[in-house]
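Take a look at the letters that make up each chain.
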Amino acid sequence: MEQKRFKALVVREDEEHQFHRSVEERTVSELVPGEVLIRVYFSSLNYKDVLSAHGNRGVTKNYPHTPGIDAAGVVAASTTEQFQEGDEVICMGYDLGMNTPGGFAEYITVPGDWVLSKPPGISLYETMQIGTAGFTAAQCVERLLAYGVRPDQGPSLVTGATGGVGSTAVALLTQLGFQVTAVTGKESEHAFLQELGAVDILTRKQAIGRAAAALLRERWAGVVDTVGGDVLAGAVKATQYSGVVACCGNAASGDLPLTVYPFILRGISLVGIDSARCPMGRREEIWQELAGNWRLSMLDGLTTRIVLDQLDQYIGDMLAGKTKGRIVVDLEGAA
Ligand SMILES: NC(=O)c1ccc[n+]([C@@H]2O[C@H](COP(=O)([O-])OP(=O)(O)OC[C@H]3O[C@@H](n4cnc5c(N)ncnc54)[C@H](OP(=O)(O)O)[C@@H]3O)[C@@H](O)[C@H]2O)c1
């Protein structure tokens, strides 16, 4: 197994500090030693992978590097009792794909406590249709429900709606009976959002509203925000009394231009969501829901399935804001 050759996307930095990506052959012995060796069948493309693939040192410090914060596959070897050869597993987040070689490869090695047994009721492919983005959407929805947001309280808002997190949030909220308003910058993708269940669609400008206003007309019972900045501020200002805003992304900006008035006059809650360091117990609970009560019927409608050789093109497209929904990387072919 040590000498087993496999394919991986490798990002290299040249002398002019430009970053280049190509599919290369590697051997298992070149991987950082870890407790669990996983034969990766599927990975998925997330925004953080795009940053890693373009040399963002906040995500990845050293190159050459293989990105990929998501992986689903079968245990090929394990030195922990927790996992046996042949187990179907998921590995997402922690340091995978950041400074640990990631899921854009046919093999990864990881510590056992990063690995989750695939729950019954969902396939390995489906777990990567969801991936970190979909899992994050599910965490946002779970928080809205936990804070008491219900479908009969009025519409809920999803920003960055055609993105990986946004599209899954639109589909999941719709499936749970919520009336979803989607915010998108892509005029060409209104039909896509309507198919996922969005009943109303706003431009980013409409979602921002009057930027100088401290409060806007109360509209949203709940919000899933993936973009931050003025759009998130607009969403907070238009959230109903006691409403809840789940904040998980910064696709537009890391800033949040707000006053305290939505909080102290309307009692709204702004809840932060992180998936990378999400504790294993909570991961298991969310995955149980995704494989059970929340099993998404619209996953195929929001997925593009690609192979390793196409990944570089999709990484560029995601950076340029041209992708929609979820992108699954199929590595199942014999290694
Ligand atoms: N907290 C966590 O653990 C966690 C986990 C996963 C992702 N994230 C973050 O969540 C965000 C979304 O991730 P993703 O995987 O869904 O990325 P994605 O597929 O690239 O989607 C991002 C979406 O944001 C919108 N957008 C892009 N640039 C924008 C701008 N300048 N202004 C307003 N909207 C803009 C676009 O949607 P429209 O064209 O439809 O407007 C785009 O499709 C990222 O910031 C990512 O880092 C966080």
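Just so it is clear, the structure is predicted and the values come from calculations on it, not from any experiment. (Residues numbered from 1 in each chain as written. Predicted model: local features only at pLDDT ≥ 70, side-chain atom pairs only at ≥ 80, totals over all residues. Heavy atoms only, no water.)

Enquirer: Describe in detail the pattern of salt bridges, supporting the description with residues and values.
Expert: Taken as a whole and judged by the stated rule, the model has 13 salt bridges. Between Arg57 and Glu13 there is a salt bridge, with the nearest N and O atoms lying 2.7 Å from each other. Residue Arg57 is located in the loop between helix H1 (47–53) and strand E4 (70–78), and its partner Glu13 is located in strand E1 (residues 5–13); the two are separated by 44 residues in the primary sequence. Here the residues in one salt-bridge network are Glu142, Arg143 and Arg282, joined through shared partners. (Salt bridge = Lys/Arg side-chain N within 4 Å of Asp/Glu carboxyl O. Helix = DSSP H or I, 4+ residues; strand = E, 2+ residues; numbered from the N terminus.)

Enquirer: Help me get a handle on the sheet that holds strand E10 (residues 200–202), residues and values and all.
Expert: Backbone-to-backbone hydrogen bonds join strands into a sheet, with any given pair of strands oriented parallel or antiparallel. Spatial ordering of the open sheet is given by E10-E9-E8-E11-E12-E13, a layout of six strands whose pairing is parallel. The open sheet terminates on both sides in strands that have one partner only, identified here as E10 and strand E13 (269–272). Along the sheet, successive strands turn relative to each other by an average axial angle of 20 degrees, direction set aside. Relative to strand E9 (residues 180–183), strand E8 (residues 156–158) is paired through three bridges, and the arrangement is parallel. Among the inter-strand pairings, Ser156 is bridged to a residue of E9, identified as Val180. (Pairing = 2+ DSSP bridges. Axes fitted to C-alpha atoms, helices over the stretch in contact; angles between N-to-C directions.)

Enquirer: Could you give an account of a nonpolar patch on the surface, with specific residues and numbers?
Expert: A contiguous nonpolar patch, built from Val260, Tyr261, Ile264 and Leu265 and spanning about 400 Å² of accessible area, is present on the exposed surface. Here Leu265 lies in helix H7 (residues 261–266). (Patch = residues over 30% accessible without salt bridge, like charges linked within 9 Å, V, L, I, M, F, W, Y side chains within 5 Å. Areas by Shrake-Rupley, 256 points an atom, 1.4 Å probe, with all protein chains shown as cover.)

Enquirer: Before we move on, could you go through the site of the ligand and cite the residues and values that matter?
Expert: Around the ligand there are 24 residues in total, and Thr162, Val165, Thr184, Ile273 and Ser275 lie nearest to it. Taking Arg204, its side chain carries an N or O atom lying 3.0 Å from an oxygen atom of the ligand. Interatomic distance of 3.2 Å between a backbone N/O atom of Ala251 and an oxygen atom of the ligand. With the chains in place, 84% of the 920 Å² that the ligand exposes on its own is no longer accessible. Listed by contribution, the elements that provide at least two residues to the shell around the ligand are helix H2 (124–146) and helix H3 (164–175). Each residue belonging to the shell around the ligand can be placed in one class, and the counts come to nine nonpolar, 12 polar and three charged. (Near = heavy atom within 4 Å. Polar contact = N/O pair within 3.5 Å; in protein donor to acceptor, adjacent residues only side chain to side chain. Nonpolar A, V, L, I, M, F, W, Y, C, P; charged D, E, K, R; others polar.)

Enquirer: So what about the domain arrangement of the protein? Which residues, and what values?
Expert: Put simply, an interface is often sized by how much accessible area is lost when its parts join up. Here the domain parsing of the protein yields domain 1 (5–118 + 300–330) and domain 2 (132–272). Taking the mean C-alpha position of each, domain 1 and domain 2 sit 29 Å from one another. Taken residue by residue, the interface counts 12 residues in domain 1 and 14 residues in domain 2. A buried area of about 940 Å², summed over both sides, lies between domain 1 and domain 2, and 59% of it is on carbon and sulfur atoms. At the junction of domain 1 and domain 2, the tally comes to one salt bridge. The salt bridge involving Glu189 is made with Lys324; its shortest N-O contact spans 3.2 Å. The tally of links between domain 1 and domain 2 comes to five residue pairs in polar contact (both at pLDDT 80 or more). Class assignment for the residues of the side of domain 1 that touches domain 2 results in three nonpolar, six polar and three charged. (Domains from an automatic or database assignment. Contact = heavy atoms within 4.5 Å. Buried area = accessible area lost by both parts, 1.4 Å probe.)

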